[in-house]
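Working through the structure, step by step
As a plain string of letters, each chain reads:
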Amino acid sequence: MCRNPLYFFKSKHGVYQFRYSLPLSMYKTHEIQREIKISLRTKQRGIAIRRHYIVLTQVNAMIRILEQFIMTDTTPSKKTLQEVLDNYKKKIIVDELRDTNNEQYFELISLKAQLKERDSIIKSKDLTINSLSAGSALPVTPLEKSITLAQAIHEYFTIQVEQQRWNENNKRQKKGYFGIFADIIGQRQDISVLDKDTITQYQRTLRQLPKNVNKFHSKPDDVLKRPAYYRDIAEHNDMPKLAARGLESHFNTVKPFLSWCVDHEYLQKDYRHVLSIGKGEIRKTKKEVLPFSQDHLLRMFTSYIYSDQLIPREKPNAFQFWVPLIGLWTGAREGEIASLLLSDIKTIDGIICFDINDESEGKSVKNEASKRKVPIAKAILDAGFESYVEQRVREKGTKTTNAPLFVLPDHRDGVARAVSKWFNENFKIKCDLKTTGNTKVVFHSFRHTLINKMRSTKMGNTPIRNSIIQEIVGHETGVVTDDTYGHDHDFSLLKEAIDSLDFGVDMSELSYERFLARRKHKKK
């Protein structure tokens, strides 16, 4: 089978093309076109390959010119840089694809290619004869494509983003996973190093690394030193290691990439079976997430956040008051709550509600069913939520802007992680929310708590219908409730279902004004 050279593609019309992706640092920083496409003006593969090598030489020269231009003019405008690129590209098209002017060059490249192919055939025959004589298996013929690991990951990552396969949170996570994968193996290693031994060494090293390794260690700026750096950490690590679920997340990111490399003929085999996690490993480390007990709810909603006094070194923020309440009464996920905008507070049929959607930059939902409008519970409104929204509107000037509902601490993994970190690593501990055995409670426990409470609550003489529960929490058909999915109930019916819930905790004294007074009290 004939292998195509790098950057060599065939259009849907059968015409061959040269396609080259500019370096990320160049097109992102200076906002120029990401990819150079040049038609090779032929449907004949042999001619196209000869022309391809001519264009490749010229494009490499063009990249060097662009880099020199950027170095001499430290702040080139987008228009100026694009003009340099366009002008040089015109030269390639007009001057460099004329076979009559470059016939000798074509012949030279063609002869070299033929010699290389003949040499490869002779070596292959020798190896085949030797293998047959020795009675051993035939050797695997190496692929001709050559690209570094970092380049392959960048190409794969770019394609996934362009095809919108990942949301913003996925992109951040996978970027981190790929970073560690490339650093352990070596970013500048040729892609061909990804054999069984290398993949095995990667998974063994990862298993020995501490959780959040880059949080506790500063990796070298020199990428060539990083493989040894990670091996040394793994060898001497005495900190808690990645749990099975964490390893699985890393491996599930890398495995599709390996298969992609095979599909694009960078590798002959993906060895993804090496990156597996045993079911026993997962069972051993996985903790079951429980709904909150009534005691848990009592501890939270009578805690320091909802009291009259600040605690030492407390840094109060409005989201700390509202997020637990919204989580309990809507069952919304932490990311859905954290990304709410002022414009997401809407009134429908006279009922104020949360509009959970993915219509703004940086917002995402789990699936289509997760896009929903949830009536705001009476307990939240009674605590002063409308006054809080009016306060935020005054701060931002207009409700129609994309201003966030809550001002959240910055976090490298996004606003949802800021909420999760505060709740699971701070508030939960201060409230002493303990469980027994191999179980735990986390922010997502609010969702379980609401669903369980709605299942056991009656509206009149009948239990709340499963389709109403699904519409409020945003579950897909058949998921969790195992019932036919029904949307578009009367909005007042959803509101009635929410306000009929009784969590066994008196929330009538909860007040945002009281929370603000705590903050003012600290300044005196």
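About the thresholds
Residues numbered from 1 in each chain as written. Predicted model: local features only at pLDDT ≥ 70, side-chain atom pairs only at ≥ 80, totals over all residues. Heavy atoms only, no water. Helix = DSSP H or I, 4+ residues; strand = E, 2+ residues; numbered from the N terminus. Buried < 20%, exposed > 50% of the residue type's maximum accessible area, 1.4 Å probe, protein only. Contact = heavy atoms within 4.5 Å. Areas by Shrake-Rupley, 256 points an atom, 1.4 Å probe, with all protein chains shown as cover. Core = buried A, V, L, I, M, F, W, Y, C linked by side-chain atoms within 4.5 Å. Phe/Tyr/Trp six-rings, centres within 6.5 Å; stacked < 30°, edge-to-face > 60°. Axes fitted to C-alpha atoms, helices over the stretch in contact; angles between N-to-C directions. Left-handed = near helix turned anticlockwise from the far one by under 90°. Nonpolar A, V, L, I, M, F, W, Y, C, P; charged D, E, K, R; others polar. Salt bridge = Lys/Arg side-chain N within 4 Å of Asp/Glu carboxyl O. Parallel < 35°, antiparallel > 145°, perpendicular 65-115°, else oblique. pLDDT = per-residue confidence, 0-100. Pairing = 2+ DSSP bridges.

Looking now at the overall build of the protein. Helix and strand counts for the protein come out as 21 helices and 10 strands. Counting all 524 residues of the protein, 43% fall into the buried class. Relative to all contacts within the protein whose residues are 6 or more apart in sequence, the contacts with residues 24 or more apart total 68%. Accessible area for the protein stands at about 29,300 Å²; split by element, carbon and sulfur atoms hold 49% of it.

Once that is clear, we can look at helix α19 (residues 466-473). Of all 8 residues making up α19, 7 are buried, and the element is well covered by its neighbours. Taken together, the buried residues of α19 touch α13 (318-330), β7 (372-375), α18 (445-455) and α20 (491-499). Downstream of α19 by one or two residues, G474 has phi in the positive range, about 80°.

This brings us to the nonpolar core. F301, W322, L325, W329 and F385 are the most contacted members of the largest nonpolar core, which has 71 residues in total. Top contributing element to this core by residue count: α13, with 9 residues. Excluding anything up to four places from it in sequence, W329 contacts A377, A379, I380, L450, I498, L501, F503 and M507. By size, the runner-up hydrophobic cluster in this structure holds 37 residues, among which are F157, F251, L258 and Y266.

So, about the packing of aromatic side chains. Inspection of every chain in the model, using the stated rule, returns 37 aromatic pairs. Between F321 and W322, the aromatic rings sit 4.7 Å apart at their centres with planes inclined by 80°, giving edge-to-face as the arrangement. Note on accessibility: F321 and W322 belong to one class, buried. When the ring of F354 is compared with that of F385, the centres are 5.6 Å apart and the planes differ by 70°; the resulting orientation is edge-to-face. Linking F354 in strand β6 (residues 351-356) with F385 in helix α16 (residues 385-396), this pair joins segments that are 31 residues apart in sequence. Chaining the aromatic ring pairs together yields one cluster made of Y156, F157, W166, F178, F181, Y202, F251, F257, W260 and Y266.

This part covers the packing of helix α6 (residues 168-185) against helix α7 (residues 196-208). Two numbers describe how α6 lies on α7: the axes approach to 10 Å, and their chain directions differ by 115°. Seen along the crossing, α6 lies across α7 with a hand that is right-handed. For the pair formed by α6 and α7, the contact residues are I180, F181, I184 and I185 on the first element and T198, Y202, T205 and L206 on the second. Its residues assigned to classes, the contact of α6 with α7 comprises 6 nonpolar, 2 polar and no charged.

With that settled, the discussion passes to the pattern of salt bridges. Evaluation of the coordinates by the stated rule reveals 17 salt bridges. Between D183 and R226 there is a salt bridge; the shortest N-O distance is 3.3 Å. Placement of D183 in helix α6 and of R226 in helix α9 (residues 226-236) is noted, with a sequence separation of 43 residues between them. Comparing D183 with R226 shows no difference in burial state: the two are buried. Of the charged contacts in the structure, one is a salt bridge between D432 and K434, with a shortest N-O distance of 3.7 Å.

Once that is clear, we can look at the packing of α19 against α20. Remark: α19 packs on α20, axes separated minimally by 11 Å, with the N-to-C direction vectors making an angle of 90°. Judged by the inter-axis angle, α19 sits roughly perpendicular to α20. Only L493, L494, A497 and I498 of α20 make contact with α19, whose side of the interface consists of I468, E471 and I472. Split into classes, the residues belonging to the contact of α19 with α20 amount to 6 nonpolar, no polar and 1 charged.

Our next topic: the confidence of the model for the protein. Confidence along the protein averages 81 in pLDDT terms, with 79% of residues attaining 70 or more. When the criterion is pLDDT under 50, residues 479-486 qualifies, and its contacts beyond four places in sequence or with other chains add up to 22 contacts.

Once that is clear, we can look at the sheet that holds β6. Taken in spatial order, the 3 strands make up an open sheet running β5-β6-β7, and their pairing is antiparallel. Each edge of the sheet is formed by a strand with only one pairing partner; in this case those strands are β5 (345-348) and β7. Ignoring strand direction, the axes of neighbouring strands in this sheet form an average angle of 45°. Two elements, β6 and β7, share 4 bridges in a ladder whose sense is antiparallel. Bridging across to β7, C353 finds its partner in P375.

The next point concerns the sheet that holds strand β2 (residues 16-21). Pairing is antiparallel in the open sheet, where 3 strands are placed in the order β1-β2-β3. Two strands lie at the open edges of the sheet, namely β1 (8-10) and β3 (35-39), each paired on one side alone. Averaged over all pairs of adjacent strands, the angle between strand axes in this sheet comes to 30°, irrespective of strand direction. For β2 and β3, the ladder comprises 5 bridges, and the chain directions are antiparallel. Of the residues in β3, the one forming a bridge with R19 is K37.

Unlike most non-glycine residues, R41 shows phi in positive territory, near 60°. Within the secondary structure, R41 sits in the loop between β3 and α2 (45-72). You can call R41 exposed: its relative accessible area is 52%. The phi angle at E265 is positive, at roughly 65°, despite the residue not being glycine. Examined against the element boundaries, E265 turns out to sit in the loop between α10 (244-263) and α11 (279-285).

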